Amino acid sequence: MTTNLQPSTTNYRWWQTGVIYQIYPRSYKDTTGSGIGDLCGIIAQLDYIHDTLGVDAIWLSPFYPSPMKDFGYDVADYCDVDPMFGTLADFDDLVAEAHQRGIRVIVDWVPNHSSDQHPWFIESRSSRENPKRDWYVWADANHLPTRDGVLPPSPAGRGAGGEGNLPNNWLSVFGGSAWEWDKATGQYYLHSFLKEQPDLNWRNPEVQAVMFDTVRFWLERGVDGFRVDVAHFIMKDPKMRDNPPAQEELAFHRPHGDYDSLHHEHDKGHPDTHRIYRRFRAMLDEYSASAPRMAVGEIHIFDWAEWATYYGTPEAGFEFHLPFNFSLLKTPWQAQAVRRAVDELEDAIPPWAWPNYVLGNHDEGRIATRFSVEQARVAAMLLLTLRGTPTLYYGEEIGMTDVEIPPEQQLDPFGLRVPGWGRDRCRTPMQWSAQPNAGFAPEECAAPWLPLANDWRHTHVAAQLEDATSMLSFYRQLLAIRKEYSALHRGSYAPLNEVPNGCFVYQRAEIGETITVALNFEPAPQRLLLQGDGKILLSTHLDRAGAENLSSFILRENEGVIIQMQNAK
Ligand code: GLC
């Protein structure tokens, strides 16, 4: 594979040239009236996904049997469908119907932890002698003095009840200690997230074998890829050493609770992680003989060199086709900062590897809220015209915003434990129409699982389909143009330097085709000096198209344009 200008000699895959659309199944379409979306609902919307939007792949957040403590990221059976979402037969129908339309299906795989209700954990905690004891990470209480000043006050019982000190100072992402005392067997178990999500012990070969079997299970059912949940968490320091205190100001995000007081050197991302993903990749490659399969890893690492190691190497073996690139979620929304984030990625990525970008998902605030409604179209144009695979979160295409959820209706355990970090706001039901429940659920449904956004009566798919200037109309054109012009979905990337500070301007090129993307991040017009003539293919304002002399080109406030350059060399 190459990333340069050799389309005729390069066999680009669907996961390179295509657009991935993330569906949060609970919130997409409810066909039963339960208030919770289901697999049949996704099947019902496949024509929308294919004909209206024109995306290439769907990624489904977990739909497996689960007590839903973390809304499906606590898996109680890796090889089935939770009855609230439907059945395995519904899943097979979904894959068949998607494939009939040429849509690929990516499922979530959650290797770091299961639910505490998974039969494996129930066995594991039943006694110290149980054969599955070592399938999870158990540790004795630590009776030695621990590093001072870095241990959080632990509601899990540090010193209480005779269990001694916590095994070490590791913290849960969702707040508090990462250790939970199991009174019956007198040891602690590790949970990097909720105590209902015990970490699997990936150092145990039996765990590796059964977990790889779960991957085969879905591959056999025809899935095209996996999104791997907190992929880098699976291997920890075998000596379980304390994490050192965080040294620097966190460059990228506001600290959440205690978690960011430590430098997470030992509780995730151990080098042995790569061994596992090389084997995982080999399995995907084996199945790719019939149809190309892919994996995208959720890797929250913001050191580019370390992040890039999750691609693997041609010498040691490949790992992820795409490690999610979350840099744009953490970058201030300013033209030069965004350009820097893009250029850093372009510099960091190995020459044979393929980039990708994310602007939203089920854990993050929505685009129109984070960057402003005015900038939401500029952001969409950026996401869909950079070099690499874009992942688009459901609802962004109609400009859904974060929804303020009253405290008594909040459900996300993260927000309940660490105030301000609730993720319910970006998971509200998809707004399909002005019908009751926004067309998300049938009329007889008393209430969707999360409240609808206040604007649901006028912000919805049906209305936006009728409005040539709507966000949906804009996304449809943007997606169509991306598909039509190979420079946009697989061409090279080169930023232009001589542009005003408030603008980010770059060219995407393939042999015989050059496209300029000019984005104005400011609420004021900007003059661009581009060379030659061009044809505007799309403006975020949807009110101009056609030939233009570019020698003195005005980009209006909050405007982005895609220009096909004439006489490109
Ligand atoms: C990932 C998921 C998030 C989940 C967590 C624990 O970050 O995206 O939703 O809560 O992992 O599984």
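Calculation criteria
Residues numbered from 1 in each chain as written. Predicted model: local features only at pLDDT ≥ 70, side-chain atom pairs only at ≥ 80, totals over all residues. Heavy atoms only, no water. Helix = DSSP H or I, 4+ residues; strand = E, 2+ residues; numbered from the N terminus. Buried < 20%, exposed > 50% of the residue type's maximum accessible area, 1.4 Å probe, protein only. Contact = heavy atoms within 4.5 Å. Phe/Tyr/Trp six-rings, centres within 6.5 Å; stacked < 30°, edge-to-face > 60°. Lys NZ or Arg CZ within 6 Å of the ring centre and 35° of its normal. Pairing = 2+ DSSP bridges. Axes fitted to C-alpha atoms, helices over the stretch in contact; angles between N-to-C directions.

*Asks:* Could you give an account of the environment of Val358, naming the residues involved and the relevant values?
*Replies:* The residue Val358 is located in strand β12 (residues 356-358) in this model. The exposure class assigned to Val358 is buried, which follows from its relative accessible area of 1%. Considered as a pair, Val358 and Leu194 are 164 residues apart in the sequence and their alpha carbons are 25 Å apart. Every residue in contact with Val358, bar those within four places of it in the chain, is listed here: Phe324, Asn325, Phe326, Leu328, Leu329, Leu383 and Thr391.

*Asks:* Help me get a handle on the packing of aromatic side chains, residues and values and all.
*Replies:* For the structure on display, the rule yields 44 aromatic pairs. Consider the rings of Tyr12 and Trp354, whose centres lie 5.7 Å apart with planes at 65°: the pair is edge-to-face. One end of the pair, Tyr12, is in the segment before α1 (14-17); the other, Trp354, is in the loop between α10 (335-348) and β12, and 342 residues separate them in sequence. With respect to burial, Tyr12 and Trp354 carry one shared label: buried. Residues Trp304 and Trp307 carry aromatic rings whose centres are separated by 5.3 Å and whose planes lie at 90° to one another, so their mutual orientation is edge-to-face. Taken together, the residues Trp304 and Trp307, both in helix α8 (residues 304-308) and three residues apart, mark about one turn of the helix. For the residue pair Trp304 and Trp307, the accessibility class agrees, reading buried in each case. Through a chain of ring-to-ring contacts, three or more aromatic side chains come together here, namely Trp109, Trp202, Phe212, Phe226, Tyr277, Phe280 and Phe320. Against the face of Trp138 rests Arg133, its NZ or CZ located 3.5 Å from the ring centre. Across from the ring centre of Trp354, 5.9 Å away, lies the NZ or CZ of Arg387, which sits over that ring.

*Asks:* Now, about the pairing of strand β7 (residues 225-228): what can you tell me, with residues and values included?
*Replies:* What you see with β7 is no split at all: Gly225 and Arg227 on one side and Phe226 and Val228 on the other are buried throughout. Where strand β3 (residues 104-109) lies against β7, four bridges are found, and the strand directions are parallel. Paired with Ile106 across the strands is Gly225, a residue of β7. Relative to strand β8 (residues 294-297), β7 runs parallel, the two being bridged by four bridges. Directly across from Gly225, in β8, lies its bridge partner Met294.

*Asks:* Kindly report on the sheet that holds strand β16 (residues 513-520), identifying the contributing residues and their values.
*Replies:* One open sheet holds the six strands; their spatial order is β14-β15-β16-β21-β18-β19, and the pairing between them is antiparallel. Every interior strand has two partners, whereas the edge strands, β14 (492-495) and β19 (546-549), have only one. Geometrically, the sheet is characterised by an average inter-axis angle of 30° between neighbouring strands, direction not taken into account. Bridge count for β16 against strand β21 (residues 560-565) is five bridges, and the pairing is antiparallel. Looking at β21, one finds that Ala518 is bridged to Val561. Strands in contact with α10 are β14 and β15 (503-510); relative to β15, the strand with the most contacts, it is inclined by about 35°. Across the face of the sheet, helix α15 (residues 471-484) comes into contact with β18 (533-539) and β21 while running at roughly 135° to β18.

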